[in-house]
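Here's the letter readout for the chains.
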Amino acid sequence: MTLKDALLKLEKSTHPVATILANDEHLKVYSILFKSGMIMTDHKTSSNAILYVLSGVVVYSDSEATIELNYFDEFHIKPGIVHSITAKADASCLLIQSR
C-alpha cells in the first residue's frame, strides 16, 4: 500500500492506518496515520522501536508514563512494554523497529 492509498483508507477508517514502508533483515519501517481521537489500543513490540511524529499530536501511554508527542518529537519504545497511542489531533508518524 502506498502512502496515498493509506491516506484514502484513513478517510473511511475508524482506527489508525498502519502501512509497512520498508522491511528487511535489519529493520521494519511503518507509516501510521491517525485522525483526531483515534486510538491504537494496547499492544507491545518484540524489539526496540522509535516513534517519530511527523505531524499532529499523539499521546503515548504505558503503565508507568503518559507522554504527549508533538510534530518532530521522537520516543524510544522498549520491547515487551504494553502501550497505546491516542491522537489528540490528526497525525502522521513513522515507526522504525529494529530486528
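Rules used in this analysis
- Residues numbered from 1 in each chain as written.
- Predicted model: local features only at pLDDT ≥ 70, side-chain atom pairs only at ≥ 80, totals over all residues.
- Heavy atoms only, no water.
- Pairing = 2+ DSSP bridges.
- Helix = DSSP H or I, 4+ residues; strand = E, 2+ residues; numbered from the N terminus.
- Axes fitted to C-alpha atoms, helices over the stretch in contact; angles between N-to-C directions.
- Contact = heavy atoms within 4.5 Å.
- Polar contact = N/O pair within 3.5 Å; in protein donor to acceptor, adjacent residues only side chain to side chain.
- Salt bridge = Lys/Arg side-chain N within 4 Å of Asp/Glu carboxyl O.
- Buried < 20%, exposed > 50% of the residue type's maximum accessible area, 1.4 Å probe, protein only.
- Phe/Tyr/Trp six-rings, centres within 6.5 Å; stacked < 30°, edge-to-face > 60°.

Caption draft 1: A look at the sheet that holds strand 4 (residues 49-55). The strand order across the open sheet formed by five strands is 1-2-9-4-7, and the pairing between neighbours is antiparallel. Across the chains shown, the open sheet's two edge strands, defined by having one partner strand only, are strand 1 (17-23) and strand 7 (74-77). Pairs of neighbouring strands in the sheet enclose a mean axial angle of 20°, with direction left out of account. Pairing of strand 4 with strand 7, which is carried by four bridges, proceeds in the antiparallel orientation. Note that in strand 7 the partner of Tyr52 across the bridge is Glu74.

Caption draft 2: The arrangement of the environment of Glu68 in detail. Here Glu68 lies in strand 6 (residues 66-70). With 11 residues separating them along the chain, Glu68 and Val57 place their C-alpha atoms 7.1 Å apart. Every residue in contact with Glu68, bar those within four places of it in the chain, is listed here: Val57, Val58, Val59, Asp73 and Lys88. Polar contacts involving the side chain of Glu68 include one to the side chain of Lys88, which spans 2.7 Å.

Caption draft 3: A look at the pairing of strand 9 (residues 91-98). The sheet contact formed by strand 2 (residues 27-34) and strand 9 spans eight bridges and is antiparallel. In the strand pairing of strand 9, Tyr30 is matched with Leu95. Looking at chain direction, strand 4 and strand 9 are connected through six bridges and run antiparallel. Bridge pairing in strand 9 places Val53 opposite Cys93.

Caption draft 4: Spotlight on the pattern of salt bridges. What the rule picks out here adds up to one salt bridge. In this structure, the salt-bridge partner of Lys88 is Glu68, at a minimum N-O distance of 2.7 Å. Of this pair, Lys88 sits in the loop between strand 8 (83-87) and strand 9 while Glu68 sits in strand 6, and the two are 20 residues apart along the sequence. Glu68 sits in the partly exposed class, given a relative accessible area of 41%.

Caption draft 5: Examining the packing of aromatic side chains more closely. Going through the model one piece at a time under the given rule, you end up with two aromatic pairs. Look at Tyr60 and Phe75: their rings are 4.3 Å apart centre to centre, the planes differ by 40°, and that puts the pair in the tilted class. Within this pair, whereas Tyr60 is found in strand 5 (residues 57-62), its partner Phe75 is found in strand 7, the two being separated by 15 residues in sequence. Centre to centre, the rings of Tyr71 and Phe72 are 5.6 Å apart; their planes meet at 70°, and the pair counts as edge-to-face. Judged by its relative accessible area of 53%, Tyr71 falls in the exposed class.

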